[in-house]
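# Structural overview for review
These are the residues of each chain, in order.
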Amino acid sequence: IFKPIFYEFFFNMIHLKQITNSDFDLRSNNLLFRHLTKILDRKMVDILIKKSNFFINGPVSVNLNVESIFTEWFKKFDNFLDIAQKSMVVVEFHISDIFSDFSLFLKARDFLQTRGYRVLLDGLDHHSMLQVDRESLGLDLAKIIWSNDLEAAIEIDNEKFLLSVERFGANRLI
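Read on for an overview of the structure. The model shown is predicted, which means the values in this text are computed figures rather than measured ones. Residue numbering note: each chain is counted from 1, following its sequence as written. At least 70 in pLDDT is required for a residue's local features to be given in this predicted model, at least 80 for side-chain atom pairs to be given and counted, and no such filter applies to totals for whole chains, interfaces and linings, which use all residues. To get the side-chain values, all heavy atoms of the structure are used, and hydrogens and water are removed first.

## With respect to the sheet that holds strand S1 (residues 7-9)
When DSSP finds two or more bridges between a pair of strands, those strands are recorded as paired. For the purposes of this entry, the term helix denotes a DSSP run of H or I that reaches at least four residues, the term strand denotes a run of E that reaches at least two, and both are numbered from the N terminus. One open sheet holds the five strands; their spatial order is S1-S2-S3-S4-S5, and the pairing between them is parallel. Each edge of the open sheet carries a strand with a single partner, namely S1 and strand S5 (141-144). Recorded for the sheet is a direction-independent mean angle of 30° between the axes of neighbouring strands. Sheet topology note: the strand S2 (residues 60-63)/strand S3 (residues 89-94) ladder contains four bridges and is parallel. Residue pairing for S3: Asn63 is matched across the bridge by Glu92. Every angle, taken between N-to-C directions, lies between 0 and 180 degrees, and every axis is a line fitted to C-alpha atoms, over only the stretch in contact when it is a helix.

Quick look at the structure:
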């Protein structure tokens, strides 16, 4: 029987675009998009603090920017949770965010893990999966973006894909 390993909390960018009734591609301007996601990070953390029963169904994951971990509002969230609750939170960082400032990521990872959170690498595709080593980055989990390209890559070179899954740890890969 399958059961969820966590429940993911995130803002759906496609839905956000629809409700703003905008034709503007939110991701087309990297600086604007990063600014927007930092605002959304804060909103998400505020929502989680207000909905203190968000663990009722089990562990949760939250997509955040690496920089957000060092804000006053994240510190408020961290202080709000006890150690048992922190162990039920998976903080997801996108691969591009991790490698845009690697030293800041390392500090954020260490900060989170010493407090009991788990850290997940988000945004892997069939190319990056072959190049990134979850264990050497000190990550607890990693998540693959399923796509037609990934499916085709698996069909073309199933053995290489299976070796990557084994290297990541099948029980550490989502």
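## Quick look at the pairing of S3
Between buried and exposed lies partly exposed: a residue is buried under 20% and exposed over 50% of the maximum accessible area for its type, with that area taken using a 1.4 Å probe on protein chains only. In terms of burial, S3 is a largely internal element, five of the six residues being buried. Summarising the sheet, S3 and strand S4 (residues 118-124) pair through five bridges and their orientation is parallel. By the bridge assignment for S4, Glu92 is matched with Leu120.

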